[in-house]
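Coordinate analysis (summary)
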Protein chains: 2
Amino acid sequence: MPVAAIIGGGVIGAAWASRFLLHGWNVCFYDPASHSEAVLHAVLDKARHWVPEIYDQLPPEGSLTICESIAEAVVDAEWVQESTPERLEIKQSVLRDIQAACSETAIVASSTSGFMPSELQAGASRPEQILVAHPYNPVYLLPIVECVPSQLVPLATVERAEEILRDIGMKPITLRAEIPAHVGDRLLEAVWREALWLIKDGIATTEQIDDIMTHGFGLRWGQKGLFETYRTAGGEAGMKHFLEQFGPCLQWPWTKLTDVPDLNDALIDRIVEQSDQQAAGRSVSELEDERDANLVAMLKALKQQDSAAGAFLNRVGAADA
Amino acid sequence: MPVAAIIGGGVIGAAWASRFLLHGWNVCFYDPASHSEAVLHAVLDKARHWVPEIYDQLPPEGSLTICESIAEAVVDAEWVQESTPERLEIKQSVLRDIQAACSETAIVASSTSGFMPSELQAGASRPEQILVAHPYNPVYLLPIVECVPSQLVPLATVERAEEILRDIGMKPITLRAEIPAHVGDRLLEAVWREALWLIKDGIATTEQIDDIMTHGFGLRWGQKGLFETYRTAGGEAGMKHFLEQFGPCLQWPWTKLTDVPDLNDALIDRIVEQSDQQAAGRSVSELEDERDANLVAMLKALKQQDSAAGAFLNRVGAADA
């Protein structure tokens with residue numbers, strides 16, 4: 001059985017561990033925080049409950065080893081996933097410790113949502129071994145992972161990384177160039193910024209904005225992305241015609257509102273109050289269970305739609321064979 | 001049977017007509033374009049195929065009357081839906097013709113994606129009768145509709161509008177204040193602007209961006225919106241803690257990229273080329289069928305998730321009783 005080392009627990013690291021375990025990898029887990037094992041088992045319990053629902057069959061679960069040091073965790077690993085706090089000096093230090101002990105042929109991936117691989121590689125002993133593999137929460141269910149090498153990473157390493165990510169049921173997208181925050185989080189940040197303005201200006205509540213997403217374009221984007229949606233909306237006149245019509249809209253007054261809103265105490269309090277009302281007493285664990293039940297139902301439903309050019313079979317990865 | 005007048009065909013008007021017909025309303029349809037009847041029947045055929053799949057039962061279909069004038073179409077209507085081209089002078093002129101012939105008690109709604117109700121009401125004989133009801137494509141399947149009255153519209157009119165929209169299986173969200181482009185299209189515009197930069201700078205292709213959406217946050221947003229997702233991600237520490245951590249991110253370098261990109265010929269050509277490659281020969285009609293099959297599968301799956309606080313039952317509206 002291949003070994004994956006998970007360095008740094010928390011929700012993301014724990015979900016990476018769960019994904020590797022459920023797809024048959026052995027996992028060596030290291031996090032110095034005293035509560036990290038409890039978090040790991042809570043996430044693993046949820047993953048064990050939900051993940052088998054979207055696969056016809058899964059391999060036998062791998063073995064889990066809780067390690068006392070980074071060196072112990074990474075020594076036999078083919079894949080090392082770093083999911084420590086989002087501070088560059090922490091990540092660089094952890095990566096140094098990882099590379100001091102891991103195999104030269106291992107892939108060392110970072111879950112960073114913001115940093116570019118070249119930043120992580122700076123000062124590393126073997127920069128060509130390090131790349132970004134940025135997943136989305138809940139990592140044990142959502143297939144997407146942004147794979148970002150720098151120009152120092154050989155193509156063979158990138159291809160091996162993609163192969164391993166597909167082996168654990170993921171859909172790796174390897175970006176053509178590095179950029180801070182990669183692709184998805186840049187799009188999310190754009191939405192977040194606009195949503196803050198809408199709350200601040202009293203146009204809609206958090207619940208209304210969420211409803212507009214979930215009952216509208218969220219459903220669209222669960223199965224067709226921005227560009228294919230617009231291609232479809234453009235009709236038989238074609239994408240070029242559609243884009244030429246779209247151009248002027250970018251100059252409309254409402255597109256100028258691109259300032260960064262001040263997330264001050266008043267705005268935080270307003271969002272918290274509206275969000276509390278929206279949650280109506282449901283705990284975070286209950287919200288997680290709702291989310292996972294919904295995602296599993298959607299993934300199962302989309303999997304049946306193999307008429308859709310087979311696109312959705314990819315969602316559940318190669319382990320489905 | 002109540003009567004809805006659909007003024008202006010095209011994909012949006014035709015889909016409004018289909019939604020009303022399939023929920024048992026009689027429809028009077030007017031569009032001066034010679035091909036509008038063909039568009040109407042093409043859309044209606046698709047709606048007849050897909051809509052019954054998400055309901056346990058539907059009322060008998062209403063009758064369709066093709067009218068020769070706005071006056072003929074609106075004279076008996078309880079609801080008038082204007083879906084003419086997105087130019088203010090056209091919409092104001094059509095609204096004048098509508099109000100010259102329709103009942104004073106009818107609701108006159110506009111599908112405008114950008115204009116505020118106060119702009120549409122300017123110069124109208126009965127401004128208090130006009131509001132925005134902005135739907136999302138495909139209108140016969142997606143439940144969301146943004147309802148935007150101005151301060152001139154009485155509360156009773158707004159409530160009646162919401163009731164009618166729910167009657168045809170929609171989820172009306174009435175905004176607290178008017179703003180150009182309402183809520184959803186402002187969020188979409190933010191994503192579109194960022195996506196254009198990513199294509200222009202060669203970070204990812206249209207297909208990669210779409211894949212990141214459909215296999216990642218699109219699935220999230222198909223069932224939980226931005227705020228509930230972040231509340232869940234924040235964990236037991238709560239929304240306030242999460243927001244306080246989030247604040248500094250808004251000042252990170254990558255959030256400053258809020259300029260409006262120039263959608264020039266070179267960028268248009270690049271998008272068209274990538275989009276053509278992504279479509280791999282599938283026609284727009286095939287893409288529509290894939291989209292609708294997927295949406296129906298997702299809606300049916302989510303409907304079963306009544307554990308989710310009943311939220312998803314709302315997706316398929318009151319006609320489901």
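Here the structure is a predicted model, which means the values were calculated and not measured.

**As for the sheet that holds strand β5 (residues 107-110) of chain A**
All names here are of chain A. Overall, mixed pairing links the eight strands, which are arranged β3-β2-β1-β4-β5-β6-β7-β8 in an open sheet. Both edges of this open sheet fall to β3 (64-66) and β8 (171-174), since each of them pairs with a single strand only. Neighbour to neighbour, the strand axes of the sheet diverge by 25° on average, direction disregarded. For strand β1 (residues 3-7) and strand β2 (residues 26-30), the ladder comprises five bridges, and the chain directions are parallel. The residue of β2 that forms the bridge with Ala 5 is Cys 28. Relative to strand β4 (residues 79-82), helix α4 (residues 88-101) is tilted by about 160°, and along the sheet it contacts β1, β4, β5 and β6 (130-135).

**Comments concerning the interface of chain B and chain A**
The interface is formed by 98 residues belonging to chain B together with 98 residues belonging to chain A. Elements represented by at least two residues in the side of chain B that touches chain A include exactly β7 (144-148), β8 (171-174), α7 (184-200), α8 (206-221), α9 (226-234), α10 (239-246), α11 (265-279) and α12 (284-304) of chain B. Among the residues making up the side of chain B that touches chain A, the classes are represented as 53 nonpolar, 24 polar and 21 charged.

**Thoughts on the packing of helix α12 (residues 284-304) of chain A against α12 of chain B**
Running from N to C, α12 of chain A and α12 of chain B cross one another at 145°; their axes reach a closest spacing of 8 Å. Our pair here, α12 of chain A against α12 of chain B, has a crossing hand that is right-handed. For the pair α12 of chain A and α12 of chain B, the contacting residues are Asn 294, Ala 297, Met 298, Lys 300, Ala 301, Leu 302 and Gln 304 of chain A in the first and Asn 294, Ala 297, Met 298, Lys 300, Ala 301, Leu 302 and Gln 304 of chain B in the second. Of the residues in the contact of α12 of chain A with α12 of chain B, the class split is eight nonpolar, four polar and two charged.

**Structural notes on the relation of the copies chain B and chain A**
Its rotation angle being 180°, the transformation that places chain B on chain A also includes 0.0 Å of axial translation and leaves an RMSD of 0.0 Å. Look at the turn and shift together and you get a two-fold axis relating the two. Both copies present the same face, since 100% of the interface residues in chain B are matched by interface residues at the equivalent positions in chain A.

**Considering the pairing of strand β4 (residues 79-82) of chain B**
Residue and element names in this part refer to chain B. The side-chain alternation of β4 yields two buried faces, one formed by Trp 79 and Gln 81 and the other by Val 80 and Glu 82. In the sheet, strand β1 (residues 3-7) pairs with β4 via four bridges, with the strands oriented parallel. Across the sheet, the residue bridging to Ile 6 is Gln 81, located in β4. Examined bridge by bridge, β4 and strand β5 (residues 107-110) share four bridges and lie parallel to one another. Within β5, the position partnered with Trp 79 by the bridge is Ile 107. Handedness of the crossover joining β4 and β5 through helix α4 (residues 88-101) is recorded here as right-handed.

**Side note on the nonpolar core**
One finds Val 80 of chain A together with Val 80 of chain B to be the most contacted residues of the largest nonpolar core, which totals 176 residues. Beyond its immediate chain neighbours, meaning those up to four positions away, Val 80 of chain A contacts Ala 5, Ile 7, Val 74, Ile 98, Cys 102, Ala 106, Val 108 and Ala 109 of chain A.

**Remarks on helix α6 (residues 155-167) of chain B**
Residues and elements named next belong to chain B. Compared with the 18 Å implied by 1.5 Å per residue over 13 residues, the 18 Å span of α6 between its first and last C-alpha is a close match. Taken together, the buried positions of α6 are Ala 161, Ile 164 and Leu 165. Considered in projection along α6, the buried side chains sweep an arc of 100° and stay on one side of the axis. Those residues of α6 that are exposed and angled more than 90 degrees off the buried face are Leu 155, Ala 156, Glu 159 and Glu 163. Those residues of α6 that are buried are in contact with β4, β5, β6 (130-135), β7 and β8. Where α6 terminates, the next one or two residues include Gly 169, which has phi positive at roughly 80°.

**Things to note about unusual backbone geometry**
In this model, Asn 137 of chain A is joined to Pro 138 of chain A through a cis peptide bond whose omega is -5°. Along the chain, Pro 138 of chain A turns up in the loop between β6 and β7 (144-148). The phi angle at Ala 280 of chain A is positive, at roughly 50°, despite the residue not being glycine. Considering the arrangement of structural elements, one finds Ala 280 of chain A in the loop between α11 (265-279) and α12. In this structure Ala 280 of chain A comes out as exposed when scored by C-beta crowding, with 8 C-beta atoms within 10 Å. Phi is positive for Ala 181 of chain B, close to 70°, though the residue is something other than glycine. Structurally, Ala 181 of chain B is set in the loop between β8 and α7.

How each quantity is defined
- Residues numbered from 1 in each chain as written.
- Chains lettered and ligands numbered in written order.
- Predicted model: local features only at pLDDT ≥ 70, side-chain atom pairs only at ≥ 80, totals over all residues.
- Pairing = 2+ DSSP bridges.
- Helix = DSSP H or I, 4+ residues; strand = E, 2+ residues; numbered from the N terminus.
- Axes fitted to C-alpha atoms, helices over the stretch in contact; angles between N-to-C directions.
- Contact = placed C-beta atoms within 7 Å.
- Nonpolar A, V, L, I, M, F, W, Y, C, P; charged D, E, K, R; others polar.
- Left-handed = near helix turned anticlockwise from the far one by under 90°.
- Least-squares fit on C-alpha atoms with pLDDT ≥ 70 in both.
- Buried ≥ 20, exposed ≤ 12 C-beta atoms within 10 Å, placed from the backbone.
- Right-handed = clockwise from strand over helix to strand, strands pointing away.
- Core = buried A, V, L, I, M, F, W, Y, C linked by C-beta atoms within 7 Å.
- Expected span 1.5 Å × (residues − 1).
- Arc of directions from axis to C-beta.

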